Amino acid sequence: MIELAIIGGTGLTALEGLEITRQQMLYTPYGEPSSPIIHGTYCGKSIVFLARHGTRHTIPPHKINYRANIWSIKELGIKTVIAVAAVGGIHPDMRPKDLVLPHQLIDYTWSREHTFFAEDLTHVTHIDFTHPYCESLRSQLLTAAQQVDLTIHPQGIYGATQGPRLETAAEINRMERDGCDIVGMTGMPEAALARELELDYATCAVVANPAAGRGSAQITMAEIEANLKQGVQNVRRLLAEVIRLV
Ligand code: HPA
C-alpha cells in the first residue's frame, strides 16, 4: 500500500534518499501529469513522488496541469499528500530558508483549470473549503518538526499569485493588508483540487526570498536557488520524520 504522495516544487524536483522502485506515466481524463510518478521506499515506507514543475523544472506555475497531477495521485489510491512549495516571505518573521506550515490561503490566481466539477455534471457541487489544509496532517508535520528539533512556523496565510513574474511591491502591500504572510504561485488550485477528491493535503512552504519590496535588493533567481538549497535540507529532515507518523 502506498502511504503518502509528496509533490515537490522548486528546489525539490527529486527526493534524495528515495529508493526508486519504478516510474509510472499516468494518463488522466485531464491529460498528463507534470512528470512520471516515481514509486519508491523512503524511510521504510512506500511513497510516491511527483515533480510539480516537471523532472527538469520546465513547467511554469500557470502551465502546470494541476488536475492531472491530483487525479493521478487519487488514481493510485493514495489518501495523504504533502506538497512542498517555495514562497516569498511577507511577514517580517518569515525569513529566507524558514519553513512555514500554512493554515489558510487566499487565491489570487486566474484562468487556471481549477475544478473537477466543471463538465458532465449530474449535480452542481460546492466543496467545503473553510479550512483548506488538513488539520491532522498539519499537526503531524508539527509533531515531526518538534521531534527533529526543527524550527518551523506553525501557521501562516498563503497568498497564491498567478506568476510567472514576481509581484510588485504594491501588490505585496495589498496582500499584507489582506492578511497574507507568504506568497507563492502553485498553492492554488492544487489545494482545492485535492479537497475535491477528498485527499488529506497539507503544504510545507520554504521561504526562498523576502517578498517584493521587503528585502534590500532586487530578487534574483540565484538568491532564490541558494536559499532553497538550504531550506530544502530541513524539508528532507521533516519528511523523513513525518513519514514515520502518517
Ligand atoms: N512570490 C511568488 N512566488 C514565489 C516567491 C515570491 O516572492 N518566491 C518563491 N516563490
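Scroll up to find the structure.
Residues numbered from 1 in each chain as written. Predicted model: local features only at pLDDT ≥ 70, side-chain atom pairs only at ≥ 80, totals over all residues. Heavy atoms only, no water.

Student: Explain the overall build of the protein to me, please; I cannot follow it from the model alone.
Tutor: Within the protein, the secondary structure is distributed over 5 helices and 10 strands. Reported as C-alpha extents along the three principal axes, the dimensions of the protein are approximately 45 × 40 × 30 Å. Look at the contacts in the protein between residues 6 or more apart in sequence, and 80% of them connect residues 24 or more apart. Total accessible area computed for the protein in this model is approximately 11300 Å², and 50% of it derives from carbon and sulfur atoms. Between the averaged position of the 21 positive side-chain charges in the protein and that of its 26 negative side-chain charges there is a distance of 4 Å. (Helix = DSSP H or I, 4+ residues; strand = E, 2+ residues; numbered from the N terminus. Contact = heavy atoms within 4.5 Å. Areas by Shrake-Rupley, 256 points an atom, 1.4 Å probe, with all protein chains shown as cover. Lys, Arg positive; Asp, Glu negative; His and termini not counted. Charge placed at Lys NZ, Arg CZ, Asp CG, Glu CD.)

Student: Hey, could you run me through the pairing of strand β5 (residues 80–89) in this one?
Tutor: Each regular strand shows side chains that alternate between the opposite faces of the sheet. Among the 10 residues that make up β5, 9 are buried, leaving the element largely enclosed by the rest of the structure. Strand direction decides the pairing type here: β5 and strand β10 (residues 200–210), joined by 10 bridges, are parallel. Across the sheet, the residue bridging to Val81 is Tyr201, located in β10. Relative to strand β9 (residues 182–184), β5 runs antiparallel, the two sharing 2 bridges. Residue Gly88 lies in a different strand from β9, and its bridge partner there is Val183. (Buried < 20%, exposed > 50% of the residue type's maximum accessible area, 1.4 Å probe, protein only. Pairing = 2+ DSSP bridges.)

Student: Just to check I follow, could you spell out the site of the ligand for this structure?
Tutor: The environment of the ligand is formed by Ala86, Val87, Gly88, Leu166, Glu167, Val183, Gly184, Met185 and Asn209. At 3.4 Å, a backbone N or O of Gly88 approaches a nitrogen atom of the ligand. Here a nitrogen atom of the ligand sits 2.7 Å away from a polar atom, N or O, in the side chain of Asn209. With the chains in place, 93% of the 260 Å² that the ligand exposes on its own is no longer accessible. Assessed atom by atom at 2 Å from the grid points, the ligand resides in the largest pocket. Broken down by secondary-structure element, the contributors of at least two residues to the shell around the ligand are β5 and β9. (Near = heavy atom within 4 Å. Polar contact = N/O pair within 3.5 Å; in protein donor to acceptor, adjacent residues only side chain to side chain. 1 Å grid on protein atoms, 1.4 Å probe; cavity = no way out; pocket = protein on both sides within 12 Å on 5 of 7 lines; lining within 4 Å. Sits in = over half its atoms within 2 Å of the grid points.)

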